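Residue strings, one per chain:
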Amino acid sequence: MTDATTTPAKGTGLAFAYVTTLFFAWGFATSLIDPLVAAVRGVFELSFTEALLTQFAWFTAYGVFALPAAFVLARLGYARSIVGALGVMVLGALIVPLSTILDFYPGVLIALFVIGGGVTLLQVAANPLAASLGSEKGSHFRLVLSQAFNSLGTVVGPLLGATVMLSGGIFVAGGVTALGSFSALILLGLGVVFGLVAGALLGGLRRDLKGWIPLGAAIGLAVGWLIFLQNYIGGLAPSLSPAAPVEAATPVLDPTLRAQTLANIDTVFIGLAIFFALLGGFIWLIRSKLSTSASTEKGASPFEALKSKWAIFGAIGIFIYVGSEVAIGSLMTNFLEARSILSLSPADAGRLVALYWAGALMGRFAGSALLTRIPAAPLLAVFTTVAAVLCLVVTQTGGATAAFAALAVGLFNSIMFPAIFTLTLERSTAPASATSGLLVFGIIGGAVLPLVAGRVADMAGTINPAFFVPLAGYVLLVVFAVAASRAPVHAIGAAPKTGGH
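None of the values given here were measured: they were computed from a predicted structure.

Engineer: What am I meant to see in the packing of helix α11 (residues 309-337) against helix α12 (residues 346-370) here?
Structural biologist: Where α11 meets α12, the axes come as close as 6 Å, and the angle between the chain directions of the two elements is 145°. Two packed elements cross with a definite hand, and for α11 against α12 that hand is right-handed. Across the interface between the two elements, Tyr-321, Glu-325, Ile-328, Gly-329, Met-332, Thr-333, Leu-336 and Glu-337 from α11 touch Pro-346, Ala-349, Gly-350, Leu-352, Val-353, Tyr-356, Trp-357 and Arg-364 from α12. For the contact of α11 with α12, the residue count by class is 10 nonpolar, 3 polar and 3 charged.

In structure tokens form, the structure reads like this:
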């Protein structure tokens with residue numbers, strides 16, 4: 001890894017832009033599973049726990065391949081590892097149509113496991129690469145900015161996935177929410193503009209305009225998003241009793257409609273394979289820029305991370321965060337369509353999940369500005385605390401209030417992954433590639449906690465109690481943030497210190 005004290009190599013800005021496209025790619029792919037959960041639950045007649053095996057298959061791949069991926073990265077370098085990862089993702093995406101032809105749900109799970117394996121290698125390579133392409137001081141900013149484009153992918157994914165997979169076929173009754181209408185887009189734009197203007201006015205009250213206007217604009221952007229979200233959800237809420245039970249999944253009876261839904265799923269994943277193939281070709285063409293812009297620690301063993309207490313602590317933090325975020329996103333479609341919440345059609349509810357991921361998008365752009373003035377650990381403590389409070393609100397309320405609280409968690413999820421990642425890289429005594437591999441191994445939390453939340457929902461007969469699972473997770477992340485604020489720091493990629501922390 002390049003020394004943090006040296007001037008960034010020429011061309012690192014362009015290389016950083018190339019790497020950022022990868023963040024969009026895996027965000028897009030990962031968020032497609034949210035509408036897929038509702039689709040397979042309907043077409044294969046599954047319980048919540050069975051449908052959430054999709055997330056289990058995807059995120060188990062992180063646990064299986066994370067440490068081997070670090071080994072591959074250390075020996076192949078960034079460029080070849082990234083292209084290889086995209087090739088594996090193409091293969092996995094093409095397994096889906098084969099599985100639907102055979103009417104074999106386990107085949108879909110195998111496909112997701114394979115794609116997840118490719119995404120694992122992609123993340124092991126791209127996260128430390130983004131953090132290293134520039135000055136050490138700007139590592140938090142760069143990774144949060146890259147994660148903002150990851151969030152852009154997670155917004156596009158549910159909108160496209162729900163429109164294709166949850167419209168027509170067995171979901172023929174689905175309509176189109178105002179989310180996709182021109183008037184709603186204007187309302188969203190006004191909400192963002194209001195946030196920016198309010199932030200600029202806040203910055204104008206300070207004498208240091210250059211330093212405070214971006215910070216004020218970031219705060220205003222976040223507040224503007226929450227105001228928009230509250231008004232939008234309030235306009236959708238039906239006049240229903242919060243105590244109304246969740247409706248059971250509609251039985252699949254018509255073979256023709258069922259076949260159409262399976263074909264819709266095929267369309268999405270064939271398109272995904274083409275997207276991955278094109279991106280892989282593009283990255284291969286510019287591979288020299290990645291190879292010369294940064295280097296991995298040659299010969300570093302991924303198991304060296306196990307010698308660092310902070311690498312292990314960070315992996316636990318990633319496990320909790322990803323598990324909590326994925327549990328909420330996975331259940332969101334069925335949560336919003338419940339009569340006790342918004343009583344939407346599956347297609348409408350699936351598209352509305354984009355607001356959950358859009359909150360993370362807004363938060364990451366705002367967080368990029370906030371992190372230029374506020375240390376990462378205290379900001380992480382604030383965001384995790386608010387997320388925990390919002391989950392508590394969901395467990396105790398219904399209707400528009402619960403819907404707003406659940407969707408608003410996305411805003412406060414925004415900086416968690418990049419903050420946990422870079423805070424750990426700064427405190428770990430292991431090489432960056434080894435630490436990155438262990439951190440990405442922690443993403444297996446996305447396989448475990450959603451199943452726990454799904455089981456809670458099945459046992460309770462309603463989804464609200466499932467939010468106790470991410471609530472507990474965010475409380476533990478507050479502890480991580482406080483501990484990180486007190487721990488010693490050293491440069492990312494520096495030689496390991498003897499003795500550890």
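Engineer: Is there a simple way to think about unusual backbone geometry in this case?
Structural biologist: Glycine aside, a negative phi is what most residues show, and trans is what most peptide bonds show. For Glu-45, which is not a glycine, the phi torsion comes out positive at approximately 55°. Mapped onto the secondary structure, Glu-45 falls in the loop between α2 (33-43) and α3 (48-51). By relative accessible area, Glu-45 is classed as partly exposed at 48%. One non-glycine residue, Ser-343, adopts positive backbone phi at about 55°.

Engineer: Even after reading the chapter, I still don't get the packing of aromatic side chains, so can you show me in this structure?
Structural biologist: Here a ring pair, both rings aromatic, is described through the centre-centre distance and the interplanar angle of the planes. Under the criterion given, the structure shown has 16 aromatic pairs. The interplanar angle of 45° and the centroid separation of 5.4 Å between the aromatic rings of Phe-65 and Phe-113 together place this pair among those described as tilted. Of this pair, Phe-65 sits in helix α4 (residues 53-101) while Phe-113 sits in helix α5 (residues 105-132), placing them 48 residues apart in sequence. Of the residues examined, Phe-65 reaches a relative accessible area of 31% and is grouped as partly exposed. Judged by relative accessible area, Phe-113 falls into the partly exposed class, the value being 26%. Each ring, one from Phe-313 and one from Phe-480, has its centre 5.0 Å from the other, and the planes form 65°; the classification is edge-to-face.

Engineer: Before we go on, may I ask you to explain the pattern of salt bridges in this structure?
Structural biologist: Note that side chains of opposite charge can pair when their charged atoms are close. Throughout the structure, instances matching the rule amount to 3 salt bridges. Asp-103 is paired through a salt bridge with Arg-258; the nearest N and O atoms lie 3.0 Å apart. Taken together, the positions of Asp-103 in the loop between α4 and α5 and Arg-258 in helix α9 (residues 255-285) put the pair 155 residues apart, joining distant regions of the chain. With a relative accessible area of 19%, Arg-258 lands in the buried category. Between Arg-351 and Asp-348 there is a salt bridge whose closest N-O contact spans 3.3 Å. One end of the pair is Arg-351 and the other is Asp-348, both in helix α12 and 3 residues apart, which spans about a single turn. Residue classification places Asp-348 among the buried positions, given a relative accessible area of 11%.

Engineer: Could you clarify how one ought to interpret the environment of Asn-334 in this entry?
Structural biologist: Relative to the helices and strands, Asn-334 is located in helix α11. Relative accessible area serves as the criterion here: at 5%, Asn-334 is assigned to the buried category. Once residues lying within four places of it in the same chain are set aside, the contact partners of Asn-334 are Ala-38, Arg-41, Phe-48 and Ile-463. A distance of 2.6 Å separates polar atoms of two side chains, one belonging to Asn-334 and the other to Glu-337.

What counts and what doesn't
Residues numbered from 1 in each chain as written. Predicted model: local features only at pLDDT ≥ 70, side-chain atom pairs only at ≥ 80, totals over all residues. Heavy atoms only, no water. Axes fitted to C-alpha atoms, helices over the stretch in contact; angles between N-to-C directions. Helix = DSSP H or I, 4+ residues; strand = E, 2+ residues; numbered from the N terminus. Left-handed = near helix turned anticlockwise from the far one by under 90°. Contact = heavy atoms within 4.5 Å. Nonpolar A, V, L, I, M, F, W, Y, C, P; charged D, E, K, R; others polar. Buried < 20%, exposed > 50% of the residue type's maximum accessible area, 1.4 Å probe, protein only. Phe/Tyr/Trp six-rings, centres within 6.5 Å; stacked < 30°, edge-to-face > 60°. Salt bridge = Lys/Arg side-chain N within 4 Å of Asp/Glu carboxyl O. Polar contact = N/O pair within 3.5 Å; in protein donor to acceptor, adjacent residues only side chain to side chain.

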